[in-house]
Amino acid sequence: MGVRVIQGNLLEAAEDLIGHQVNCQSVMGSGVARSLKEQYPTLFNAFLEFCQGKTPESLLGQVQTVETGGKVIANLFGQLHYGRSKKVYTDYRALGQALSTLKTYAQERSLSVALPYYIGCGLANGDWTIVSKLIDDAFSDYEVVLYKL
C-alpha cells in the first residue's frame, strides 16, 4: 500500500486512472496536461465543459474525472493560475484536497491510480517535499504509482 515510484512514461501507465494537476483558467497548454490532451482527444472538451460557468476560485481543489475509453483521467485543480515566472503556482491546500478526493473516488471503484512523479512541481514550481507529503498523507492506505521519466 501507499506510494510506489517506478521509472516510466505516465502516458503508458498500466493503471486504470491517471491523475494530473490542472490550472483553473481552462488552459491545458503545456506539461503533462498538454500531453494528456493530445493523447486523449475527448479530454480537453470535457475539461472546458466542466470549467464553463464556474469561477476559477470555485474550481480550486475540485477533481474532474473523464472516461476516455479504457482509461479514466482525473483533472486535479491544484493551481489557480499558470505562467512562466518562478512564482509557486501550486496551491498546496487545493492539491491536497484534490488528492484526497481522488483517492476516495478510486477506492470506491477499485481503480488503480497513477500520478506523475513531481506533480505540481515542474511548471507550477511547487516544493516536492511538501507535495510528496500530501501524496503520502492522501494515499497512506491505498496504492498510488508515481511515474518518473
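Parameters and conventions
- Residues numbered from 1 in each chain as written.
- Predicted model: local features only at pLDDT ≥ 70, side-chain atom pairs only at ≥ 80, totals over all residues.
- Heavy atoms only, no water.
- Core = buried A, V, L, I, M, F, W, Y, C linked by side-chain atoms within 4.5 Å.
- Buried < 20%, exposed > 50% of the residue type's maximum accessible area, 1.4 Å probe, protein only.
- Helix = DSSP H or I, 4+ residues; strand = E, 2+ residues; numbered from the N terminus.
- Contact = heavy atoms within 4.5 Å.
- UniProt positions renumbered as here; feature names shortened; annotations may be inferred.

To continue, consider the nonpolar core. Core analysis: the largest hydrophobic core is formed by 25 residues, its most contacted members being Leu76, Leu99, Val113, Leu115, Ile135 and Phe139. Looking at this core, the elements that each hand over two or more residues are strand 4 (72-79), helix 4 (92-109), strand 5 (113-116), helix 5 (128-138) and strand 6 (144-148). Looking at this core, the element that brings in the most residues is helix 4, giving six residues. Look past the residues within four positions of Val113 in its chain and what remains in contact with it is Glu15, Leu17, Leu102, Ala106, Phe139, Tyr142, Glu143, Val144 and Val145. With 23 residues, the next largest nonpolar core counts Tyr40, Leu59, Phe77 and Tyr147 among its residues.

Summarizing the sequence annotation, UniProt attributes the feature "domain: Macro" (unreviewed entry) to residues 1-149 in the numbering used throughout. Helix makes up 36% of residues 1-149 and strand 23%, whereas the separation of the span's terminal C-alpha atoms amounts to 22 Å.

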